[in-house]
Amino acid sequence: MAKFEFPRNFFWGAATSAHQVEGNNHNDWTEWEYLNAKRLTLNAQKKNWPDYILKNYPNPLQEENYISGCACDHYHRFHEDFDIVKSLGHNAHRFSIEWSRIEPEEGKWNEKEIEHYHQVISALHERGIEPFITLWHWTNPVWVAKQGGWANKKTVGDFARYVNKLVRSEGFVDVKFWVTLNETNVYTGHGYWNGSWPPGKRSLLKYLKTNHHLSQAHIEAYKIIKSANPKAEIGIAHSMIYFTKFPAGLKNFIYNHFFLRSIKEYQNFVGVNYYFSDRKTIERSEFNNWPIDSDGFYHVLKEAAKYGKPVYVTENGIADAEDKKRGKYITDHFAAMHKAISEGVDVRGYLYWSLLDNFEWSSGFWPRFGLVEVDYKTMERKIRQSAYEYAKIAKVNDTSRLAARIQTEAKIS
Ligand code: BGC
């Protein structure tokens, strides 16, 4: 590998998840949104918001902000969206399948929806884009939620049946990259530890059970996918934070490694979702004031490398409605990723979060993570300047600009 180049065949792309972009889903989150939109709007009134956020539609002071509704209508517009993906020089794309569409009632398969995702996969293949499929990105069919969700062991078997149905369906058998679960640590934290997301149950016992069941679900899914396609590459997308404050070692173990260790014999790659560290930084993301710390990214990639498996960055991104920080954010994180690679970390791909502005869970639509801006009234897409900056690197693996900056920084330090 030449000094400032990324490996050949590196995957460049972006990610989305079904509930956040598709529109018109009906799952446990949908029901939670209707029950909580008013409360979330009232809470938002207690905060100070910059004008440029309030002038966007929908904004945090409007109740519709908290209802996913038709989201980005990506369900109907995926062809158009994938044309954008291709024009930006991406050669990979991560998206998720909505379990509640495939199995709206227990044991009843919706073949039309399976065919829909087959079309999504084909649309990516036709454009020369490698699909990375997530099988579960936090949302559950209502019937799963009613039986106690992931705190109930039965859900493990139900999930396995859904995975089995899907991977053996036409169009799915040849898919190479599978992300079984998204951020189990964030899900259990919000759902069962602090109770701020569905199912909103604060319980240590349920928190532990859910973690265990998700780990079992991954292992079952791994075996099923491998038996359908031995060449498949399977992992999870794992939220990782760079901890520096006492007791950093313990936090690192619990948050970053506990779940990964429980599945370590059953993963072909480690998927890293990285957003922030615990350090005090001057630059912050609009969303939750997350510190922007690209050096922390380097450190979590080194942590991920400890499993001796290839690493894919399955998410990394910033909420930045005016697109003032995103370009630099991306190149800084590329520089950090490059440093990790040059020290031997086998990073094979980078999927920015997110392709589109989308429904940011309990915060609704106001955080703007997209490489592509979405006008929620007209559904018009507008490519942001930072997306072109990313494209310059992705298209020709052109890191000369990046190289120049890394060299300048090296001289300064
Ligand atoms: C999740 C995404 C979310 C993003 C930004 C990740 O934790 O996987 O669904 O939108 O972070 O908060």
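Residues numbered from 1 in each chain as written. Predicted model: local features only at pLDDT ≥ 70, side-chain atom pairs only at ≥ 80, totals over all residues. Heavy atoms only, no water.

## As for a nonpolar patch on the surface
At step 1: Among the surface-exposed residues, Leu250, Phe253, Ile254 and Phe258 lie close enough to one another that they form a single nonpolar patch of about 390 Å² accessible area.
At step 2: Structurally, the position occupied by Ile254 is in helix α11 (residues 248-262).
At step 3: For Ile254, a relative accessible area of 49% translates into the label partly exposed. (Patch = residues over 30% accessible without salt bridge, like charges linked within 9 Å, V, L, I, M, F, W, Y side chains within 5 Å. Areas by Shrake-Rupley, 256 points an atom, 1.4 Å probe, with all protein chains shown as cover. Salt bridge = Lys/Arg side-chain N within 4 Å of Asp/Glu carboxyl O. Helix = DSSP H or I, 4+ residues; strand = E, 2+ residues; numbered from the N terminus. Buried < 20%, exposed > 50% of the residue type's maximum accessible area, 1.4 Å probe, protein only.)

## Here we look at the packing of aromatic side chains
At step 1: Counted by the stated rule, this structure contains 47 aromatic pairs.
At step 2: Geometrically, the ring pair formed by Trp136 and Trp150 is edge-to-face, given 5.6 Å between the ring centres and 70° between the ring planes. In this pair, Trp136 is assigned in strand β3 (residues 130-136) and Trp150 in the loop between α7 (142-146) and α8 (154-167), connecting sequence segments 14 residues apart.
At step 3: Residue classification places Trp136 among the buried positions, given a relative accessible area of 0%.
At step 4: Taking relative accessible area as the criterion, Trp150 reaches 0% and is therefore assigned buried.
At step 5: Aromatic side chains Phe359 and Phe365 sit 5.1 Å apart centroid to centroid with 65° between the ring planes, which places their arrangement in the edge-to-face category.
At step 6: The buried category is assigned to Phe359, whose relative accessible area is 0%.
At step 7: With relative accessibility at 5%, the residue Phe365 sits in the buried group.
At step 8: Here the aromatic residues Trp99, Trp136, Trp143, Trp150, Phe159, Tyr162, Tyr187 and Tyr192 are joined through ring pairs into a cluster of three or more. (Phe/Tyr/Trp six-rings, centres within 6.5 Å; stacked < 30°, edge-to-face > 60°.)

## Observations concerning the environment of Lys302
At step 1: Here Lys302 shows up in helix α12 (residues 294-304).
At step 2: Distance from Lys302 to Ile341, taken between C-alpha atoms, is 9.2 Å for residues 39 residues apart in sequence.
At step 3: Reaching out from Lys302, the side chain makes a polar contact with the side chain of Glu343 at a distance of 2.6 Å. (Polar contact = N/O pair within 3.5 Å; in protein donor to acceptor, adjacent residues only side chain to side chain.)

## Remarks on α11
At step 1: In this model α11 runs 20 Å from its N-terminal to its C-terminal C-alpha over 15 residues, within 8% of the 21 Å that 1.5 Å per residue would give.
At step 2: Within α11, the axis deviates most sharply at Asn256, by approximately 45°. (Expected span 1.5 Å × (residues − 1). Bend = angle between axes of the 7 residues up to and from the residue.)

## Let's talk about the packing of helix α9 (residues 184-193) against helix α10 (residues 204-228)
To characterise two packed helices, one gives the angle between the axes of the helices and the distance between these axes.
At step 1: The contact between α9 and α10 brings their axes to 9 Å, and the two run at 155°. Classified by the angle their axes make, α9 and α10 are roughly antiparallel. Crossing handedness for the pair α9 and α10: right-handed. Side by side, α9 and α10 meet where Thr184, Tyr187, Thr188, Gly189, Tyr192 and Trp193 of the first sit next to Leu204, Lys206, Tyr207, Thr210, Asn211 and Leu214 of the second.
At step 2: Residue classes in the contact of α9 with α10 are distributed as six nonpolar, five polar and one charged. (Axes fitted to C-alpha atoms, helices over the stretch in contact; angles between N-to-C directions. Parallel < 35°, antiparallel > 145°, perpendicular 65-115°, else oblique. Left-handed = near helix turned anticlockwise from the far one by under 90°. Contact = heavy atoms within 4.5 Å. Nonpolar A, V, L, I, M, F, W, Y, C, P; charged D, E, K, R; others polar.)

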